[in-house]
Amino acid sequence: HLSVRLATVAKYVLPGSRIADIGTDHAYLPVNLAKRGVIAGGVAGEVVPGPFKNAQREIEQTQLTDKITARLANGLKAMEPSDNIDTVVIAGMGGALITQILTQDFDRLAGVNRLILQPNVGEMTLRTFLMTHGFQLQAEEIVSEDGHDYEILVADRADQPEQYTEEQLRFGPFLLAAHNATFIAKWQRELKRTKEVLQQVQSAKEVPAAKVAELHTKISEIEEVLQRVG
Ligand code: SAM
């Protein structure tokens, strides 16, 4: 059984696809997808030996070694051309790390049509990356589990991705349009937190003007959105 978070990621994997799950840990996602016959096969990549062994064990115990290959590798280096991967999943890391993983071996994405990403933080960085690297957002979800919110971003390759505004990049064009209860609760919390950070920054001996300005911008953007949809 997958968590709500991973089940939501799984929903966006197209039947018959070949996935690379980068940072797979226990390989729960690819194993679940293979068991249900959703994917034709794929790779479970891990850079840390402990989680890599977890993945290997899970794949062996579920007798899926003919479909899923566990590889100990950094990021997209887990993918080889003969894997014919068309979908890359990266879940449960910060948006900056996900962006770094995608950037550092971008050429390895040549045959990949879909990215399914679940950043824990730093969603704006990741949306900006997608928009500037030929990927068009297709769907976004926000789910709440164990007191945390998780955003799931789905993007497909496109020649000319839609150019989003700063507001859309911060809040997510689909999440903003849907503005469900989880979204509103997230941004109410984020507003409170950002105001606290601003107070702390302003009480410093040397107040960093650029940081203060950035926080003010963020606060007014959140207030504006909450006023409109909250
Ligand atoms: N993807 C799973 C999930 O969403 O439940 C596991 C998330 S776990 C919090 C993050 C995993 O990413 C860790 O097992 C970590 O070792 C792995 N990881 C971090 N950086 C990585 C990289 N550059 N390449 C491959 N795996 C990485």
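- If you look the protein up in an unreviewed UniProt entry, it shows as tRNA (Adenine(22)-N(1))-methyltransferase from Levilactobacillus tongjiangensis.

Regarding the overall build of the protein
Then, in step 1: Assigned secondary structure in the protein consists of nine helices and seven strands.
Then, in step 2: For the protein, whose C-alpha radius of gyration is 19 Å, the value lies close to the compact-globule estimate of 17 Å for 230 residues.
Then, in step 3: Projected onto the principal axes, the alpha-carbon positions of the protein cover approximately 60 × 35 × 30 Å.
Then, in step 4: For the protein, buried positions account for 33% of its 230 residues.
Then, in step 5: Restricting the contact set of the protein to residue pairs at least 6 apart, pairs at least 24 apart contribute 68%.

Brief notes about helix α3 (residues 49-61)
Then, in step 1: Taking 1.5 Å of rise per residue, 13 residues should cover 18 Å, and α3 covers 18 Å from first to last C-alpha, within 8% of that figure.
Then, in step 2: What α3 keeps buried is the set Phe52, Ala55, Glu58 and Ile59. Each buried residue of α3 sits inside an arc of 125 degrees when the element is viewed along its axis, so together they form one side. In α3, the exposed positions angled more than 90 degrees off the buried face are occupied by Pro49, Gly50, Glu60 and Gln61.
Then, in step 3: The elements touched by buried residues of α3 are α2 (28-35), β2 (41-46) and β3 (68-72).

Looking at the pairing of strand β5 (residues 114-119)
Then, in step 1: Extensive coverage of β5 is indicated by the burial of five of its six residues.
Then, in step 2: As paired elements, β5 and strand β7 (residues 148-157) share four bridges and run antiparallel to each other. When the bridges of β7 are listed, leucine 117 appears paired with leucine 153.

Things to note about the confidence of the model for the protein
Then, in step 1: Residues of the protein with pLDDT of at least 70 account for 100%, and the chain-wide mean is 97.
Then, in step 2: ipTM for the predicted complex: 0.99, alongside a pTM of 0.96.

Focus: the site of the ligand
Then, in step 1: Neighbouring residues of the ligand: 16 residues in total, closest Gly23, Asp25, Val47, Ala91 and Gly92.
Then, in step 2: Mapped by element, the contributors of at least two residues to the shell around the ligand are β2 and β4 (87-93).
Then, in step 3: Top element by residues in the shell around the ligand is β4. It accounts for three residues.
Then, in step 4: Each residue belonging to the shell around the ligand can be placed in one class, and the counts come to eight nonpolar, six polar and two charged.

As for the sheet that holds β2
Then, in step 1: One open sheet holds the seven strands; their spatial order is β3-β2-β1-β4-β5-β7-β6, and the pairing between them is mixed. With partners counted over all chains shown, the strands left at the sheet margins are β3 and β6 (135-145), one partner each. On average, each strand axis in the sheet is inclined to that of its neighbour by 15 degrees, with strand direction left out of account.
Then, in step 2: In terms of strand pairing, β6 meets β7 through 10 bridges, oriented antiparallel.

Observations concerning the domain arrangement of the protein
Much of the literature gives interface size as the accessible area that the parts lose upon coming together.
Then, in step 1: Here the protein is described as being made up of domain 1 (4-162) and domain 2 (181-229).
Then, in step 2: On a C-alpha basis, the centroid separation for the pair domain 1 and domain 2 is 31 Å.

Observations regarding the nonpolar core
Then, in step 1: Ranked by internal contacts, the top residues of the largest apolar core, which has 45 residues, are Val9, Ala20, Ile22, Val88, Val89 and Ile90.
Then, in step 2: Broken down by element, this core gets its largest block of residues, five residues, from β7.
Then, in step 3: Residues Ile142, Phe171, Phe183 and Trp187 belong to the second largest nonpolar core, which totals six residues.

Basis of the calculations
Residues numbered from 1 in each chain as written. Predicted model: local features only at pLDDT ≥ 70, side-chain atom pairs only at ≥ 80, totals over all residues. Helix = DSSP H or I, 4+ residues; strand = E, 2+ residues; numbered from the N terminus. Rg over C-alpha atoms; globule rule 2.2 N^0.38 Å. Buried ≥ 20, exposed ≤ 12 C-beta atoms within 10 Å, placed from the backbone. Contact = placed C-beta atoms within 7 Å. Expected span 1.5 Å × (residues − 1). Arc of directions from axis to C-beta. Pairing = 2+ DSSP bridges. pLDDT = per-residue confidence, 0-100. Near = placed C-beta within 6 Å. Nonpolar A, V, L, I, M, F, W, Y, C, P; charged D, E, K, R; others polar. Axes fitted to C-alpha atoms, helices over the stretch in contact; angles between N-to-C directions. Domains from an automatic or database assignment. Core = buried A, V, L, I, M, F, W, Y, C linked by C-beta atoms within 7 Å.

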